Amino acid sequence: RDMIGAALPAPGSGPAVLGMITALSILAGFALPDLAQMGKTPPLRVLRQDIDPPPLRYGISWLAGVAAVLALLLWIVRDTRLVLTIFAGAAVTFIALGAAGWLLVKSLRGFRGAAGVAWRYGLANLGRRGRESVVQVVAFGLGLMVLLLLSTVRTELMDTWRQSLPENAPNQFLINIQPHEVDAMTDFLGERGLALPRFVPLVRARMTSINGQDVTQMTFEDPQGEAWARRDANLSWTDTLQADNRIVQGAFWNGESARPEVSVEQDFGLELGLSLGDDIGFDIAGEGVTATVTS
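The present account deals with the structure reproduced in this document.

Calculation rules
Residues numbered from 1 in each chain as written. Predicted model: local features only at pLDDT ≥ 70, side-chain atom pairs only at ≥ 80, totals over all residues. Heavy atoms only, no water. Helix = DSSP H or I, 4+ residues; strand = E, 2+ residues; numbered from the N terminus. Pairing = 2+ DSSP bridges. Salt bridge = Lys/Arg side-chain N within 4 Å of Asp/Glu carboxyl O. Expected span 1.5 Å × (residues − 1). Buried < 20%, exposed > 50% of the residue type's maximum accessible area, 1.4 Å probe, protein only. Axes fitted to C-alpha atoms, helices over the stretch in contact; angles between N-to-C directions. Parallel < 35°, antiparallel > 145°, perpendicular 65-115°, else oblique. Left-handed = near helix turned anticlockwise from the far one by under 90°. Contact = heavy atoms within 4.5 Å. Nonpolar A, V, L, I, M, F, W, Y, C, P; charged D, E, K, R; others polar. Arc of directions from axis to C-beta.

1. Thoughts on the environment of V146
As for its placement among the helices and strands, V146 is situated in helix 6 (residues 130–164). V146 sits 56 residues away from A90 along the chain, and the two C-alpha atoms are 9.9 Å apart.

Quick look at the structure:
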């Protein structure tokens, strides 16, 4: 829970209902057509395997399965345009792969006479089981399509993220620099003509209380506030306010206070429900520290 800050959803009957509807949809779409055929199967087929049941007309098995998956996706995603777009793309890919597989199987028939004995038997087997060969081509092609789609989406996400960054955004970060290493790091950067950064102190701490109340027993209106309160935080301190920060409430400390003070980031304070004058308790390396929110 220290590494992952996402809050679990509130308990309810939604997941159970979703599970039952999913199971019934898949069962109805893929098993019901075949179960319906059992009523039309001749009793003699129990004794003679060469008698087949009457086939389902118009590809009902395929249509039922596709309809079940499509309806389930529409209900879960709740974005008709997105689901239909993905479904149309998958359908076009399916048809293209099926046509390519069919042409491939047909074209291989002309090579039977020119191939050796072993190849001749293999090509003949492909010709006899043309439908199964086409299905394998379609399945293999769809698998490759999913892998390529993941790669494309990842690349587009990375490009979009890079475009959202400012031109002068840093691409290197230095952390865990000990106090005795600051001078050496400064010399290292200066020798290479790099701008000297501002070294910021950090200490790991865990919030333990707000106004004397244990944070593990408190209820927060904002789920993100509860996540912030129950995870480790990095605390920093400085004598002067940074140029890119501004005080929106209260006053920045001047070093004259006899007790610890803390300045809270605006969104952080809203999510935790903090206000000026609140006392926040921290556990820092086993030592308890209580600080008052002054800005």
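So, next bit.
2. Section: the pairing of strand 6 (residues 287–293)
In the sheet, strand 4 (residues 261–262) pairs with strand 6 via 2 bridges, with the strands oriented parallel. The residue of strand 6 that forms the bridge with E261 is T292. By the bridge criterion, 6 bridges tie strand 5 (residues 279–284) to strand 6 in an arrangement that is antiparallel. Paired with D279 across the strands is T292, a residue of strand 6.

3. Topic: the pattern of salt bridges
Per the stated rule, a full pass over the model turns up 6 salt bridges. Between D232 and R204 there is a salt bridge whose closest N-O contact spans 3.7 Å. In this pair, D232 is assigned in strand 3 (residues 232–235) and R204 in strand 1 (residues 203–210), connecting sequence segments 28 residues apart. With its nearest N and O atoms 3.1 Å apart, the salt bridge here joins R206 to D232. Of this pair, R206 sits in strand 1 while D232 is found in strand 3, placing the two residues 26 residues apart along the sequence. A network of salt bridges, in which partner residues are shared, links R204, R206 and D232.

4. Concerning helix 4 (residues 80–108)
Note: α-helices contain 3.6 residues per turn, so residues at a spacing of three or four share the same orientation. Look at helix 4: 42 Å from first C-alpha to last across 29 residues, which is about the 42 Å you get at 1.5 Å a residue. If you check which residues of helix 4 are buried, you get V83, L97, G98, G101 and V105.

5. Description of the packing of helix 4 against helix 6
For the pair helix 4 and helix 6, interaxial distance at closest approach is 8 Å and the crossing angle is 135°. It follows that helix 4 is oblique to helix 6 by the angle criterion. Note that helix 4 runs across helix 6; the crossing there is right-handed. Two secondary-structure elements touch here, helix 4 through T93, F94, L97, G98, G101, W102 and V105 and helix 6 through G130, S133, V134, V137, V138, G141, L142 and M145. Of the residues assigned to the contact of helix 4 with helix 6, the class counts are 9 nonpolar, 6 polar and no charged.

6. Notes on helix 3 (residues 60–77)
For helix 3, built from 18 residues, the straight-helix expectation of 26 Å at 1.5 Å per residue is met to within 8% by its first-to-last C-alpha distance of 25 Å. Those residues of helix 3 that fall on the buried side of the exposure criterion are G65, A68 and L72. Buried residues in helix 3, looked at end-on, bunch into an arc of 65°, giving them a common side. The exposed residues of helix 3 that point more than 90 degrees off its buried face are W62 and L63. Once helix 3 finishes, R78 follows within two positions and takes phi at roughly 60°, a positive value.

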